[in-house]
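Coordinates in review
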Amino acid sequence: DLQMTQSPSSLSASVGDRVTITCRASQGISSFLAWYQQKPGKVPNLLIYGASTLQSGVPSRFSGSGSGTDFTLTISSLQPEDVATYYCQKYNSAPRTFGQGTKVEIK
Amino acid sequence: QVQLQQWGAGLLKPSETLSLTCAVYGGSFNLYYWTWIRQPPGKGLEWIGEINYSGSINYNPSLESRVTISLDTPKNQFSLKLTSMTAADTAVYFCARGRYSSTWSLIDYWGQGTLVTVSS
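A short tour of the structure in this document, coming up.

Rules and cut-offs
- Residues numbered from 1 in each chain as written.
- Chains lettered and ligands numbered in written order.
- Predicted model: local features only at pLDDT ≥ 70, side-chain atom pairs only at ≥ 80, totals over all residues.
- Heavy atoms only, no water.
- Helix = DSSP H or I, 4+ residues; strand = E, 2+ residues; numbered from the N terminus.
- Rg over C-alpha atoms; globule rule 2.2 N^0.38 Å.
- Buried < 20%, exposed > 50% of the residue type's maximum accessible area, 1.4 Å probe, protein only.
- Contact = heavy atoms within 4.5 Å.
- Areas by Shrake-Rupley, 256 points an atom, 1.4 Å probe, with all protein chains shown as cover.
- Lys, Arg positive; Asp, Glu negative; His and termini not counted.
- Charge placed at Lys NZ, Arg CZ, Asp CG, Glu CD.
- Pairing = 2+ DSSP bridges.
- Axes fitted to C-alpha atoms, helices over the stretch in contact; angles between N-to-C directions.
- Buried area = accessible area lost by both parts, 1.4 Å probe.
- Salt bridge = Lys/Arg side-chain N within 4 Å of Asp/Glu carboxyl O.
- 1 Å grid on protein atoms, 1.4 Å probe; cavity = no way out; pocket = protein on both sides within 12 Å on 5 of 7 lines; lining within 4 Å.
- Points joined across faces, edges and corners; volume = space filled by probe spheres on them.
- Nonpolar A, V, L, I, M, F, W, Y, C, P; charged D, E, K, R; others polar.
- Disulfide = S-S within 2.5 Å.
- Core = buried A, V, L, I, M, F, W, Y, C linked by side-chain atoms within 4.5 Å.

Remarks on the overall build of chain A
Counting secondary structure elements, chain A contains zero helices and ten strands. Along chain A, helices (α) and strands (β) appear in the sequence β-β-β-β-β-β-β-β-β-β when read from the amino end. A compact globule built from 107 residues should have a C-alpha radius of gyration of about 13 Å, and chain A, at 13 Å, falls within 12% of that. Dimensions along the principal axes, computed over C-alpha positions, put chain A at roughly 35 × 25 × 25 Å. Counting only residues that meet the buried cut, chain A has 45% of its 107 residues in that class. Within chain A, residue pairs in contact and separated by at least 24 positions form 56% of the contacts whose partners lie at least 6 positions apart. For chain A, the exposed area adds up to about 4,700 Å²; of that, 45% sits on carbon and sulfur atoms. One way to put it: in chain A the 9 positive side-chain charges average out to a point 3 Å from where the 6 negative ones average out.

What follows is the structure in structure tokens.
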């Protein structure tokens, strides 16, 4: 089955820093890539779908890019409330596999 | 406003069967894939499977031999059964809604999650 690989697995950055997380699919998935944010003890929240479309209500400091096999989630200016684990998921076909997650912390 | 409310037994013994139900409030029941996802403590998300109103069902190949997802359309509910539970199945189980077209399905609403612990 298709694998989704995220990197890094964790990162620590300062408030205001630009943060980039990558997600690589083992086969092409066009733009059927979503990003979710999961804060500690909470339910995952959809941030981006279609690789680059921001879900309604999500701050504009979040952006996504990529297509095919390589994708990126960028936080343009990291805020304290962005501390969370971020997951990519391919949703073009079943099984709709998640990446292993990237934990983002404040330095 | 869409709400997914889930329930089921939270403590199971090895070899028992997990049974969870998710009730959907708000929105149409007919237009979505109804999905189960799990998350072992401290670990990542694992997609379990999905079902839609037409009866189309997809399962994670790693769980397919033990999992059944079903719909109760009159009650706007869907259910998960996972047999032969072991400690490795200990996880928070989420129900979720996926909007879909053709073969793609994007999860946009989640239930609150149910912690299921398998222990003798």
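Some points on the sheet that holds strand β8 (residues 70-75) of chain A
All names here are of chain A. The strand order across the open sheet formed by four strands is β1-β3-β8-β7, and the pairing between neighbours is antiparallel. The strands lining the two open edges of the sheet, one partner per strand, are β1 (4-7) and β7 (62-67). The mean angle between the axes of side-by-side strands here comes to 15°, regardless of whether they run parallel or antiparallel. As paired elements, β7 and β8 share six bridges and run antiparallel to each other. Within β8, the residue paired with G64 across the bridge is L73.

Here's the deal with the interface of chain B and chain A
Listed as interface residues are 23 residues of chain B and, on the opposing side, 20 residues of chain A. Carbon and sulfur atoms supply 63% of the area buried between chain B and chain A, which totals about 1,700 Å² over both sides. At the boundary of chain B with chain A, the tally comes to one salt bridge. A salt bridge links E50(B) to R96(A); the nearest nitrogen and oxygen atoms lie 2.6 Å apart.

Side note on the layout of surface pockets
By volume, the largest pocket amounts to about 400 Å³. Lining of the largest pocket is provided by 23 residues; of these, Q38(A), T85(A), Y87(A), Q39(B) and K43(B) occupy positions nearest its centre. Mapped onto the lining of the largest pocket, the elements with two or more residues apiece are β9 (84-90) and β10 (102-106) of chain A together with β9 (91-101) of chain B. Among the elements that line the lining of the largest pocket, the one with the most residues is β9(A), at three residues. A per-class count over the lining of the largest pocket returns eight nonpolar, eleven polar and four charged. What lines the second largest pocket is a set of 14 residues, and nearest its centre among them are Q3(A), T97(A), F98(A), E46(B) and N60(B). Its residues assigned to classes, the lining of the second largest pocket comprises six nonpolar, five polar and three charged.

Digging into the state of the cysteines
The tally for this structure, following the rule as stated, stands at two disulfides over all chains. What pairs with C23(A) in a disulfide is C88(A), and their sulfur atoms sit 2.1 Å apart. The sign of the S-S torsion, about 70°, decides the handedness of the disulfide formed by C23(A) and C88(A): right-handed. With C23(A) in strand β3 (residues 19-25) and C88(A) in strand β9, the pair connects residues that are 65 residues apart, well separated along the chain. Here C23(A) and C88(A) have matching classes, each one buried. Across a sulfur-sulfur distance of 2.1 Å, C22(B) and C95(B) are joined as a disulfide pair. Every disulfide takes its handedness from the sign of the S-S torsion; for C22(B) and C95(B) that torsion is 55°, giving right-handed. Remark: C95(B) occurs in strand β9 and C22(B) occurs in strand β3 (residues 18-25); sequence separation between them is 73 residues. For the pair shown, C22(B) and C95(B) are each scored as buried.

Considerations on the nonpolar core
Residues L18(B), W36(B), L80(B) and Y93(B) are the most contacted members of the largest nonpolar core, which totals 26 residues. Among the secondary structure elements, those contributing two or more residues to this core are β3, β4 (32-39), β5 (46-52), β7 (67-72), β8 (77-82), β9 and β11 (114-118) of chain B. Looking at which element gives the most residues to this core, the answer is β3(B), with four residues. Here Y93(B) is in contact with Q6(B), L18(B), L20(B), I37(B), R38(B), I48(B), L80(B), L82(B), M85(B), G113(B), T114(B) and V116(B), once residues within four sequence places are set aside. If you look at the next biggest cluster of nonpolar residues, it comprises 24 residues, including W35(A), I48(A), F62(A) and V104(A).

As far as function goes, none of this settles anything; it's purely spatial.
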